[in-house]
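Listed below are the residues making up each chain.
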Amino acid sequence: LQPSFPRLAIMAPAGSLLGLLLGLGLALLLELMDTSLKTSRDIVRHVHVPILGTVPDLDHEELPIEQIELATHTAPRSLTAEAFRTIRTNLLLSSPAERQRTVLITSAKPEEGKTAIAVNLAIALGQNGRRVLLVDANFHRPALHGLFKLQQGRGLSNALIGDARIEDLVHSTGLPNVDVVTSGPMPPNPSELLASSYLREFMTAAAGRYDQIIVDGPPVPLVSDALVLAGTLDGVILVCRAKSVSRGAVQRAREQIERVNGRIFGAVLNAARVRRGGYFKEQIRSYYEYQPEEVFTQGGRALPPGNGDKA
């Protein structure tokens, strides 16, 4: 009158428990297979460098930001701008001012957002009253001349062959206290030029005119230029794009920088994604609830900078 098999009283709980264990095992397997850096805690735990700040992904930003490279200027009341001000504060507190005059911004792979970090950090430092010089030392993919709508004429490469002085190369960006030196013509041997004494002479001259020099450099593992700069300048900031770069790649970049006696001030997690119910989601909501209403009605925006001219 009753089926002898399967015995539901036994099989139903056993099947539920087995399904739960299989789901948990699959979740753990996927987590172990994913070696990308997703949170600032991953950087501290796996790369063993301090975290200077976390920049949220623009998809989660409440205020409209058309260009992430100028977010600190065009949307000063946004959470993104506040993130760059946090990076500025942590950098200034990381060491005495005279030991962080020249800072290299680099990463473990391309497309990590180095230029955006460099420009916004320079803007935040300029807003703090410091005279800042942005230098484009990425001869392979220069970006600052296009961002500030400058002609790619003479630049850093001219200074590295002794063909120009710093006052001949500086352009005004239209941003408060921020000037720029473009990369200049593409040299056939950038790493050899960067290793020459002209780079030290250029940085010494720049340090006499500016409080801070921010250098936008190439990725560390791809070309030797970044290692030459890391061994020459005061320190390095590593940019890591969330869910884009692996732990191993950033660890190798850190090891290469340390091998040339470069000093790492810390890392910046860029384009951090918000997880539903996570701390970062709650932080974004609380930040904008704390802001006055006019931040949203006016968009919290300032006038964008005009075309840069020679200073």
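These remarks concern the structure in this document. These numbers were taken from a predicted model, which means no experiment stands behind them.

Description of the overall build of the chain
Argument step 1. When its secondary structure is counted, the chain shows 14 helices and eight strands.
Argument step 2. Expressed along its principal axes, the backbone C-alpha trace of the chain runs to roughly 100 × 50 × 35 Å.
Argument step 3. Within the span of the chain, comprising 311 residues, buried residues form 48% of the whole.
Argument step 4. When contacts within the chain are restricted to residue pairs at least 6 apart in sequence, those whose partners lie at least 24 apart make up 80%.
Argument step 5. A total of about 15,500 Å² of accessible surface is found on the chain, and carbon and sulfur atoms cover 53% of it.
Argument step 6. Distance between charge centroids for the chain: 5 Å, based on 33 positive and 31 negative side chains.

Quick look at the side chain of Ser-191
Argument step 1. When you line up the elements, Ser-191 lands in helix α9 (residues 190–194).
Argument step 2. When its relative accessible area of 17% is taken as the criterion, Ser-191 is described as buried.
Argument step 3. Once you skip the residues sitting within four places of it in the chain, Ser-191 turns out to touch Ser-224, Asp-225 and Val-228.

Considerations on the environment of Ala-71
Argument step 1. Relative to the assigned elements, Ala-71 resides in helix α3 (residues 71–74).
Argument step 2. Each C-alpha atom of the pair Ala-71 and Ala-14 lies 55 Å from the other, and the pair is 57 residues apart in sequence.
Argument step 3. In this view, Ala-71 contacts Ile-65, Pro-76, Thr-80, Ala-81 and Asn-120; residues no more than four positions away in its chain are not counted.

Description of the layout of surface pockets
Argument step 1. Space inside the second largest pocket adds up to approximately 280 Å³.
Argument step 2. Around the second largest pocket, the lining is made up of 15 residues, and of these Pro-110, Glu-111, Lys-114, Asn-138 and Arg-141 lie nearest the centre.

Considerations on the pairing of strand β7 (residues 235–241)
Argument step 1. Burial analysis of β7 places six of its seven residues in the buried class, which makes it a mostly covered element.
Argument step 2. Direction of pairing for strand β2 (residues 102–107) relative to β7: parallel, over a ladder of five bridges. From the neighbouring strand, Leu-104 faces β7, where its bridge partner is Val-236.
Argument step 3. Of the pairings in the sheet, the one linking β7 to strand β8 (residues 264–272) comprises six bridges and is parallel in character. Looking across to β8, one finds that Val-239 is bridged to Val-268.

Comments concerning the pattern of salt bridges
Argument step 1. Within the structure shown, the criterion is met by seven salt bridges.
Argument step 2. Here Arg-165 makes a salt bridge to Glu-167, at a shortest N to O gap of 3.3 Å.
Argument step 3. The exposed category is assigned to Arg-165, whose relative accessible area is 54%.
Argument step 4. Judged by its relative accessible area of 33%, Glu-167 is partly exposed.
Argument step 5. The shortest N-O distance in the salt bridge between Arg-254 and Glu-258 comes to 3.7 Å. A residue pair is termed a helical-turn pair when its members lie 3 or 4 positions apart in one helix, as Arg-254 and Glu-258 do in helix α12 (residues 247–259) at four residues.
Argument step 6. For Arg-254, a relative accessible area of 13% corresponds to the buried category.
Argument step 7. Linked through salt bridges whose partners overlap, the residues forming this network are Arg-254, Glu-255 and Glu-258.

Topic: the nonpolar core
Argument step 1. Membership of the largest hydrophobic core comes to 46 residues, with the highest contact counts inside it found for Ile-43, Leu-133, Leu-156, Phe-202, Val-215, Leu-229 and Val-250.
Argument step 2. In this structure, Phe-84, Leu-91, Leu-175 and Val-178 belong to the second largest nonpolar core, which totals 30 residues.

Considerations on the sheet that holds strand β6 (residues 212–216)
Argument step 1. The strand order across the open sheet formed by eight strands is β1-β8-β7-β2-β6-β3-β5-β4, and the pairing between neighbours is mixed. In the strand order of this sheet, the two ends are held by β1 (51–56) and β4 (171–172), each with one partner.
Argument step 2. Most of the contacts of helix α5 (residues 114–127) go to β6, to which it runs at about 165°, and overall it touches β1, β2, β3 (132–136), β5 (178–181), β6, β7 and β8.
Argument step 3. Lying on the sheet, α12 is in contact with β2, β7 and β8; it crosses β7 at an angle near 170°.

Side note on unusual backbone geometry
Argument step 1. Although it is not a glycine, Glu-111 sits at a positive phi angle of roughly 60°.
Argument step 2. Locating Glu-111 in the fold gives a position in the loop between β2 and α5.
Argument step 3. On the basis of relative accessible area, Glu-111 is assigned to the exposed category, the value being 58%.

Some details on α12
Argument step 1. In this model α12 runs 18 Å from its N-terminal to its C-terminal C-alpha over 13 residues, within 8% of the 18 Å that 1.5 Å per residue would give.
Argument step 2. Listed in full, the buried residues belonging to α12 are Arg-247, Ala-249, Val-250, Ala-253, Arg-254 and Ile-257.
Argument step 3. Close packing links the buried residues of α12 with α2 (40–47), β2, α11 (225–232), β7 and β8.
Argument step 4. Note on α12: the residue one or two positions beyond its end, Asn-261, has a positive phi of about 65°.

About the cut-offs
Residues numbered from 1 in each chain as written. Predicted model: local features only at pLDDT ≥ 70, side-chain atom pairs only at ≥ 80, totals over all residues. Heavy atoms only, no water. Helix = DSSP H or I, 4+ residues; strand = E, 2+ residues; numbered from the N terminus. Buried < 20%, exposed > 50% of the residue type's maximum accessible area, 1.4 Å probe, protein only. Contact = heavy atoms within 4.5 Å. Areas by Shrake-Rupley, 256 points an atom, 1.4 Å probe, with all protein chains shown as cover. Lys, Arg positive; Asp, Glu negative; His and termini not counted. Charge placed at Lys NZ, Arg CZ, Asp CG, Glu CD. 1 Å grid on protein atoms, 1.4 Å probe; cavity = no way out; pocket = protein on both sides within 12 Å on 5 of 7 lines; lining within 4 Å. Points joined across faces, edges and corners; volume = space filled by probe spheres on them. Pairing = 2+ DSSP bridges. Salt bridge = Lys/Arg side-chain N within 4 Å of Asp/Glu carboxyl O. Core = buried A, V, L, I, M, F, W, Y, C linked by side-chain atoms within 4.5 Å. Axes fitted to C-alpha atoms, helices over the stretch in contact; angles between N-to-C directions. Expected span 1.5 Å × (residues − 1).

This is a description of form; function is not addressed.
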